[in-house]
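Single-letter residue listing:
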Amino acid sequence: MKYLFTAFCLLRMCFLLQAQALETLDINNIIATVSSNGELFKELKLKTDPDKNLMNSTSVWMGGYDPAGALHLAGQTDFSKGHELFYGPIDADYKSFDYDLKYDKVWKLNKTMIEDHKKNFNKPGYIIPKEIKEFPHSNFDRNRAFTSGLFLFEDLTQNGWYEPELGEYPIVYGDQCIYFILNDTKEKHSVTKGDPLGFQILGMLWGYQSSLESVNQTIYLTYKIINKSNNTYHNFYIGLFSDMNSGDPGSNYVGFDIPSNSSYTYSANSNDPLFGKTPPVISLMNMGNSLTYINDRHKNWFISYTDPISSEAPETGSPGTVNDYYHYLSGSWKDGSRIATQGTGYNPSSSNLSNFLFTGDPNDSSPNWNEVSANNKPGNRKSVQGIGPSTIEPGQIFCLNYAITVTRDVNGDHISGIKKMKEHIQEVQDQFNNPLNLFCAVSPKTNTFDENGNNRLQIVPNPASHKMNIKSEDLITGAPLIYRIFSTTGQLVDEAKLIHSANLEIDISDVPAGMYYLALTQGALNIKGKVLVMK
């Protein structure tokens, strides 16, 4: 027995010392890596320039105050400096060997694999792919209560259990999707030294293969975050940290495009040592979230700091304390001062303030605020695009969507790429089918069920053929409402804006037979349901 125990311990030690699982999203012209510990984009490259890295790190930042006034925060930066996020769901025993085997991994699925499974699952000799069989579905780990509510699958039998042998399959977004599961409680936070929040994070990185250059050079990032703690967090902010490189990392500028809610990084060099005269522009677009309105400029932020700390303006350099991280996350400098709309953005005595750094375009001839016109010193810019403040209740679920697009104007220069980026962003928005209502049951206010388990949304008849009536006590009569009908693979089939009435009727005569998701949006309210269309 002693030798068996020793062998077990040695096996576990070897397992933990191994590099954590890594997968690559490579469906289009972008190559992007994801590791099981949440390290995004240690490599992000174009297939046409595979030797030039455009990103060092990206991670979600989260922070807020508990009822006792203590700050809880996770602010992962470069993973070589420590860890704030860890693989797997929240659990009572992170040291079990079973936990490592199940969760030190990421899951990669192609849409073509799903379609093949749907077509052949019941044919003799068919073997279910490991990726489908071991998909982390909502009852993936029956021995751990905390794992309930993982990733979605098509429940054809309507019994709540994932049964791929009966033709059931994961819901895949885009043409290729990588899934990962994280928590912030497994170990102490070694970067910010902040207290853990007790959050569980489900992440998806996905993309399309497209004839459009813009879409073919875009990847989407979606987070579903669950407050598994007993704390209500006030003055809560959340954002995406990014360390982008447009050519030489030490010669970058940043900017923010308000109409598209996009931050971007571009080169300050007219002749970059890596890309020459046409270095790329890398943009990060907030595609929507379930905490704020996308056009609520008072609750959206963009700020960037320079690494290493400049002796000229130390308050705009790398964060050191947990309060520094929280200030950046909430759109202010390390001393708590707001962004000033001039120069570098740092001027504590200024009364001209903004939520966003460098909102002007250097391509515009009219005077505007950008890093070129301000004659700023280029540097290694690291940015945070944030949302808040909000209040997060125990058990609350919320989602975030981002798009990362790489644009290069090969017929222009390092500045003209920004103009082309804006054109590409519009095309990316047109392609995007918002998965928030499918992937995310957002908070008790916007969930599909009430506290008694009764369905908030009634669809009559169901199955339906040509028309269906919609009823819900949560919807306001006389107020505008948007309905969207999605296929089980996430494709938008139909949408319209209506005025809600007591007997709202939706025409589905042009919707083909099949199972669909119905998503209703009215203001901040999102509710969803399933409908079977029969012809």
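Residues numbered from 1 in each chain as written. Predicted model: local features only at pLDDT ≥ 70, side-chain atom pairs only at ≥ 80, totals over all residues. Heavy atoms only, no water.

Undergrad: Can you help me understand the overall build of the protein in this one?
TA: Within the protein, the secondary structure is distributed over eight helices and 26 strands. Looking at the protein as a whole, 56% of its 535 residues are labelled buried. Considering only contacts in the protein between residues 6 or more positions apart, those separated by 24 or more positions represent 66%. Here the protein has roughly 22,400 Å² of accessible surface; of this, 52% comes from carbon and sulfur atoms. (Helix = DSSP H or I, 4+ residues; strand = E, 2+ residues; numbered from the N terminus. Buried < 20%, exposed > 50% of the residue type's maximum accessible area, 1.4 Å probe, protein only. Contact = heavy atoms within 4.5 Å. Areas by Shrake-Rupley, 256 points an atom, 1.4 Å probe, with all protein chains shown as cover.)

Undergrad: Just to check I follow, could you spell out the sheet that holds strand S21 (residues 467-471) for this structure?
TA: Two orientations exist for strands paired in a sheet by backbone hydrogen bonds: parallel and antiparallel. Ordered by their spatial adjacency, three strands build an open sheet running S20-S21-S24, and the pairing between neighbours is antiparallel. Only two strands of the sheet have a single partner each, and these edge strands are strand S20 (458-460) and strand S24 (504-507). Direction aside, the axes of adjacent strands within the sheet are offset by 30 degrees on average. (Pairing = 2+ DSSP bridges. Axes fitted to C-alpha atoms, helices over the stretch in contact; angles between N-to-C directions.)

Undergrad: Sorry if this is basic, but what is going on with unusual backbone geometry here?
TA: For residues that are not glycine, phi is negative in most cases, and the peptide bond is trans in most cases. Omega for the peptide link from Gly-388 to Pro-389 comes to 5 degrees, which places this bond in the cis form. Cis peptide bonds are those with omega within 30 degrees of zero, and the linkage from Val-460 to Pro-461 qualifies with -10 degrees. For Pro-461, the location among the structural elements is in the loop between S20 and S21. The backbone of Lys-193 shows a phi angle near 65 degrees, a positive value even though the residue is not glycine. Turning to its location among the elements, Lys-193 is positioned in the loop between strand S8 (176-183) and strand S9 (199-207).

Undergrad: Would you explain the packing of aromatic side chains in this entry?
TA: Aromatic rings in a pair are described by how distant their centres are and how their planes are angled relative to each other. By the definition in use, this model includes 28 aromatic pairs. Ring geometry for Tyr-208 against Tyr-220: centres 5.9 Å apart, planes inclined by 85 degrees, an arrangement best described as edge-to-face. Of the two residues, Tyr-208 is situated in the loop between S9 and helix H5 (213-216) and Tyr-220 in strand S10 (residues 218-227); the sequence distance between them amounts to twelve residues. Given the relative accessible area of 5%, Tyr-208 is considered buried. Residue classification places Tyr-220 among the buried residues on the basis of a relative accessible area of 0%. What links up through ring pairs into an aromatic cluster is the set Tyr-65, Tyr-237, Trp-301 and Tyr-326. (Phe/Tyr/Trp six-rings, centres within 6.5 Å; stacked < 30°, edge-to-face > 60°.)

Undergrad: What exactly am I supposed to notice about the pairing of S8 here?
TA: The side chains of a regular strand alternate between the sheet's two faces. Burial analysis of S8 places eight of its eight residues in the buried class, the great majority of the element. Every second residue of S8 is oriented toward a common face, with Gln-176, Ile-178, Phe-180 and Leu-182 on one face and Cys-177, Tyr-179, Ile-181 and Asn-183 on the other, all of them buried. Across two bridges, the pairing between strand S6 (residues 86-87) and S8 is antiparallel. In the strand pairing of S8, Tyr-87 is matched with Leu-182. Bridge count for strand S7 (residues 107-110) against S8 is four bridges, and the pairing is antiparallel. Counterpart to Lys-108 in the pairing with S8 is Ile-178.

Undergrad: Help me understand the confidence of the model for the protein, please; the structure alone is not making it clear to me.
TA: Caution applies to low-pLDDT parts of the model: their predicted coordinates are not meant to be read in detail. Averaged over the protein, the pLDDT score is 85; the fraction of residues at 70 or greater is 85%. Throughout residues 1-19 the model reports pLDDT below 50, and contacts reaching past four residues in sequence, or to other chains, amount to 13 contacts. Note that residues 441-454 has pLDDT below 50 and, in this model, 30 contacts with residues that lie over four places away or in other chains. (pLDDT = per-residue confidence, 0-100.)

Undergrad: Explanation requested: the side chain of Glu-154 in the structure shown.
TA: For Glu-154, the position within the fold is in the loop between helix H4 (130-133) and S8. With residues up to four places along the chain from it excluded, the contact list for Glu-154 reads Glu-168, Tyr-169, Ile-171, Thr-488, Met-515, Tyr-517 and Lys-530.

Undergrad: Could you clarify how one ought to interpret helix H3 (residues 111-120) in this entry?
TA: The α-helix advances 3.6 residues per turn, and as a result positions three or four apart in sequence lie on the same side. Turning to H3, its buried residues are Ile-114, His-117 and Asn-120. End-on view of H3: buried residues confined to an arc of 150 degrees, all on one side of the axis. Away from the buried face of H3 by more than 90 degrees, exposed residues Thr-112 and Lys-119 are located. The inward-facing, buried residues of H3 contact S7 and H4. (Arc of directions from axis to C-beta.)

Undergrad: How do you make sense of the environment of Cys-177 when you look at a structure like this?
TA: Following the sequence through the fold, Cys-177 ends up in strand S8. Spatially, the C-alpha atoms of Cys-177 and Leu-25 are 7.3 Å apart, while their sequence positions differ by 152 residues. For Cys-177, the residues in contact, after removing those within four places along its chain, are Leu-25, Trp-107, Lys-108, Leu-109, Val-172, Met-204, Leu-205 and Trp-206.

Undergrad: Help me understand the pattern of salt bridges in this model?
TA: Opposite charge on two side chains makes pairing possible when the charged atoms of those side chains draw close. Throughout the structure, instances matching the rule amount to 17 salt bridges. The partner of Arg-408 in a salt bridge is Asp-49, with the nearest N and O atoms 3.3 Å apart. With a gap of 359 residues between them, Arg-408 in the loop between strand S19 (397-407) and helix H7 (416-431) and Asp-49 in the loop between strand S3 (40-46) and strand S4 (55-65) connect regions that are remote in the sequence. Classification of Arg-408 by relative accessible area gives buried; the value is 18%. Overall, Asp-49 belongs to the buried group, its relative accessible area being 12%. Of the charged contacts in the structure, one is a salt bridge between Glu-115 and Lys-118, with a shortest N-O distance of 3.4 Å. Remark: Lys-118 and Glu-115 occur in helix H3; sequence separation between them is three residues, near one turn of the helix. What you see here is one network of salt bridges that share partners, running through Asp-49, Asp-51, Lys-52 and Arg-408. (Salt bridge = Lys/Arg side-chain N within 4 Å of Asp/Glu carboxyl O.)

Undergrad: Explain helix H6 (residues 322-329) here, please?
TA: Restricting attention to buried positions, one finds in H6 the residues Asp-324, Tyr-325, Tyr-326, Tyr-328 and Leu-329. Contact partners of the buried residues in H6: S4, strand S5 (71-75), strand S11 (233-244), strand S15 (300-306) and strand S18 (381-392). Immediately beyond the C-terminal end of H6, within one or two residues, lies Gly-331, with a positive phi of roughly 80 degrees.

Undergrad: Would you mind going over the side chain of Thr-222 with me for this structure?
TA: Counting through the fold element by element, Thr-222 comes out in strand S10. At 2.5 Å, the side chain of Thr-222 and the side chain of Asn-401 are in polar contact. (Polar contact = N/O pair within 3.5 Å; in protein donor to acceptor, adjacent residues only side chain to side chain.)

Undergrad: Got a minute to help me understand the environment of Tyr-126 in this structure?
TA: Relative to the helices and strands, Tyr-126 is located in the loop between H3 and H4. The contacts of Tyr-126, once residues within four sequence positions are left out, are Asp-116, His-117, Asn-120 and Phe-121. There is a polar contact of 2.8 Å between the side chain of Tyr-126 and the side chain of His-117.

Undergrad: Where do I start with the environment of Phe-86 in this structure?
TA: Secondary-structure assignment places Phe-86 in strand S6. Phe-86 gets classed as buried once you look at its relative accessible area, which sits at 6%. Look past the residues within four positions of Phe-86 in its chain and what remains in contact with it is Asn-37, Ile-181, Leu-182, Asn-183, Asp-184, Thr-185, Lys-186, Glu-187, Lys-188 and His-189.

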